[in-house]
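# Structure at a glance
Here is what each chain is made of, one letter per residue.
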Amino acid sequence: MEKIDIKPFMKLIASIGELYGKPISASLTEIYWQSLKCFELEDVQKALQAHIHNPDCGQFFPKPADVVRFIVGSGETRALSAWAVVEKAMHQVGSYQSIAFDDPLIHIVLEEMGGWIKLSSTKLTDLPFRANEFQKRYMGFLNKKTERHPKYLVGITETDNAKNGFEISPPLLVGDAAKAKEVIKAGGGTSLLVQAFSRSITEIMQVPSPPKTKDNDE
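These lines cover the structure that appears in this document, whether it is placed above or below. The structure displayed is predicted, hence computed values, not measured ones.

Let us now look at the overall build of the protein. A tally of helices and strands in the protein yields 12 helices and 2 strands. The linear arrangement of helices and strands in the protein, starting from the amino end, is α-α-α-α-α-β-α-α-α-α-β-α-α-α. Residues counted as buried form 36% of the 218 residues belonging to the protein. The contacts in the protein between residues at least 6 apart in sequence include a share of 72% that link residues at least 24 apart.

Turning next to the packing of helix α6 (residues 104–112) against helix α8 (residues 127–142). At a minimum axis separation of 10 Å, α6 and α8 run at an interaxial angle of 125°. By the angle class used here, α6 and α8 are oblique. Classified by chirality, the crossing of α8 by α6 is right-handed. Packed against α6, whose contacting residues are Leu105, Ile106, Ile108, Val109, Leu110 and Glu112, the element α8 presents Phe134, Arg137, Tyr138, Phe141 and Leu142 at the interface. Grouping the amino acids of the contact of α6 with α8 by side-chain chemistry returns 9 nonpolar, no polar and 2 charged.

Right, let's talk about the nonpolar core for a bit. With 23 residues, the main nonpolar core has Val86, Phe101, Leu110, Trp116 and Phe134 as its most contacted residues. At the level of elements, α5 (75–92), β1 (99–101), α6, α7 (116–120) and α8 are the ones that each hand at least two residues to this core. The biggest single contributor to this core is α5, with 6 residues. In this structure valine 86 touches Phe101, Ile106, Leu110, Trp116, Leu119 and Phe134, once residues within four positions along its chain are discounted.

What follows covers helix α1 (residues 6–20). For an α-helix the count is 3.6 residues per turn, leaving residues at separations of three or four pointing the same way. Taking 1.5 Å of rise per residue, the 15 residues of α1 would be expected to cover 21 Å, and the 21 Å separating its terminal C-alpha atoms lies within 8% of that figure. As for α1, its buried residues are in contact with α2 (26–36) and α3 (41–52). Taken from the residues just after α1, glycine 21 is the one with a positive phi, measuring 65°.

Here we come to the pattern of salt bridges. Scanning the entire structure with this criterion turns up 7 salt bridges. Between arginine 148 and glutamate 111 there is a salt bridge, with the nearest N and O atoms lying 3.1 Å from each other. On the criterion of sequence distance, the pair formed by arginine 148 in the loop between α8 and α9 (156–164) and glutamate 111 in helix α6 is long-range, its members being 37 residues apart. For the salt bridge of glutamate 133 with arginine 130, the shortest nitrogen-to-oxygen distance reads 3.0 Å. Of this pair, glutamate 133 and arginine 130 both sit in helix α8, 3 residues apart, roughly one helical turn. Residue class for glutamate 133 comes out partly exposed when judged on its relative accessible area of 22%. Bridged by salt links that share partners, the residues Glu112, Arg130, Glu133 and Arg137 form one connected network.

Our next topic: the environment of leucine 36. Here leucine 36 shows up in helix α2. Residue leucine 36 is classed as buried on the basis of its relative accessible area, which comes to 0%. C-alpha of leucine 36 to C-alpha of phenylalanine 9: the two residues are 27 residues apart in sequence and 9.8 Å apart in space. Contacts of leucine 36, omitting those with residues within four sequence positions, involve Met1, Phe9, Val44, Pro64, Val67 and Val68.

Moving on: α2. Of all the residues in α2, the buried ones are Leu28, Thr29, Tyr32, Trp33 and Leu36. All buried residues of α2 project into a common sector of 140° when viewed along the axis, lining one side. Set apart from the buried face of α2 by more than 90 degrees, the exposed residues are Ala26 and Ser27. Buried residues along α2 sit in contact with α1, α3 and α4 (64–72).

The subject of this paragraph is the environment of leucine 142. Examined against the element boundaries, leucine 142 turns out to sit in helix α8. A residue is classified by how much of its surface remains accessible, and leucine 142, at 26% relative accessible area, is partly exposed. Separated by 67 residues in sequence, leucine 142 and glycine 75 place their C-alpha atoms 7.0 Å apart. Beyond its immediate stretch of four places on either side in the chain, leucine 142 contacts Gly75, Arg78 and Leu105.

Each value, and the rule that gives it
- Here the residue numbers are simple positions, counted from 1 along each chain's written sequence.
- Local features in this predicted model are restricted to residues of pLDDT 70 or higher, and side-chain atom pairs are both shown and tallied only at a pLDDT of 80 or more, whereas totals for entire chains, interfaces and linings draw on every residue.
- Note: side-chain values were computed over all heavy atoms of the structure, leaving out hydrogens and water.
- Only runs of H or I of at least four residues qualify as helices and only runs of E of at least two qualify as strands under DSSP, and these elements are numbered from the N terminus.
- Categorising residues by exposure relies on relative accessible area from a 1.4 Å probe, with only protein chains included: less than 20% of the type maximum marks a residue as buried, more than 50% marks it as exposed, and the intermediate range marks it as partly exposed.
- The contact criterion used is simple: two residues touch if any of their non-hydrogen atoms lie within 4.5 Å.
- Note on definitions: angles span 0 to 180 degrees between N-to-C directions of axes, and those axes are lines fitted to C-alpha atoms, for helices only across the stretch in contact.
- What sets the label is the angle itself: under 35 degrees gives roughly parallel, over 145 gives roughly antiparallel, 65 to 115 gives roughly perpendicular, and the rest give oblique.
- Definitions for this section: a left-handed crossing has its near helix turned counterclockwise from the far helix by less than a right angle. A right-handed crossing has that turn clockwise.
- Residues are grouped as follows: Ala, Val, Leu, Ile, Met, Phe, Trp, Tyr, Cys and Pro are nonpolar; Asp, Glu, Lys and Arg are charged; every other residue, Gly included, is polar.
- Nonpolar cores were defined as sets of buried Ala, Val, Leu, Ile, Met, Phe, Trp, Tyr and Cys residues, with membership established by side-chain atoms within 4.5 Å.
- Each helix should span, by expectation, one fewer than its residue count multiplied by 1.5 Å.
- Salt bridge, as applied in this entry: a Lys or Arg side-chain nitrogen positioned within 4 Å of an Asp or Glu carboxyl oxygen.
- It is the directions from the helix axis to the C-beta atoms that the arc portrays.

Pasting the structure below:
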């Protein structure tokens with residue numbers, strides 16, 4: 001939401017308070033605003049309506065977490081959905097193509113797991129374990145603010161081309177193309193050029209030279 005949405009948002013929260021017979025103070029409105037301003041006003045309205053009509057929780061005044069849950073789903077649901085996208089890309093795209101998802105959390109999690117090349121090389125027997133690891137890491141990142149995410153995930157072709165000074169093609173966009181481009185644009189930090197053995201080109205280039213010996217000096 002933007003600043004122009006503050007007044008409509010205040011009216012919305014006040015009307016919800018009237019519905020549940022709960023007085024809404026300025027400080028409480030501020031808490032809700034800070035918690036929900038990252039979403040669109042229309043999405044917040046729809047989520048509040050969904051909460052009101054939900055037979056399991058609709059009798060209780062909605063907390064910010066309730067609104068978020070109706071907008072994006074539970075952490076477990078989001079993690080499962082994200083893994084489904086990743087697994088599909090593994091099978092359809094493979095490890096050679098660099099790839100950019102429309103969810104920056106996917107980039108962060110896969111970076112921690114060793115990168116796109118390593119994940120795409122996973123044996124079928126190990127895939128359930130990798131799926132479980134991904135989902136746990138993803139849910140962990142849902143609850144903490146991250147300072148950076150990789151622009152995209154590098155495949156084998158780009159890794160080899162980067163080493164040999166050849167032209168590098170742009171990554172394949174997965175999901176919502178516009179959002180994937182925004183993920184690339186907002187990303188930063190060291191590019192994740194991960195080899196199949198999980199060492200980046202940057203790491204390889206930074207390996208210190210062996211200490212000089214007396215023979216070398218001569």
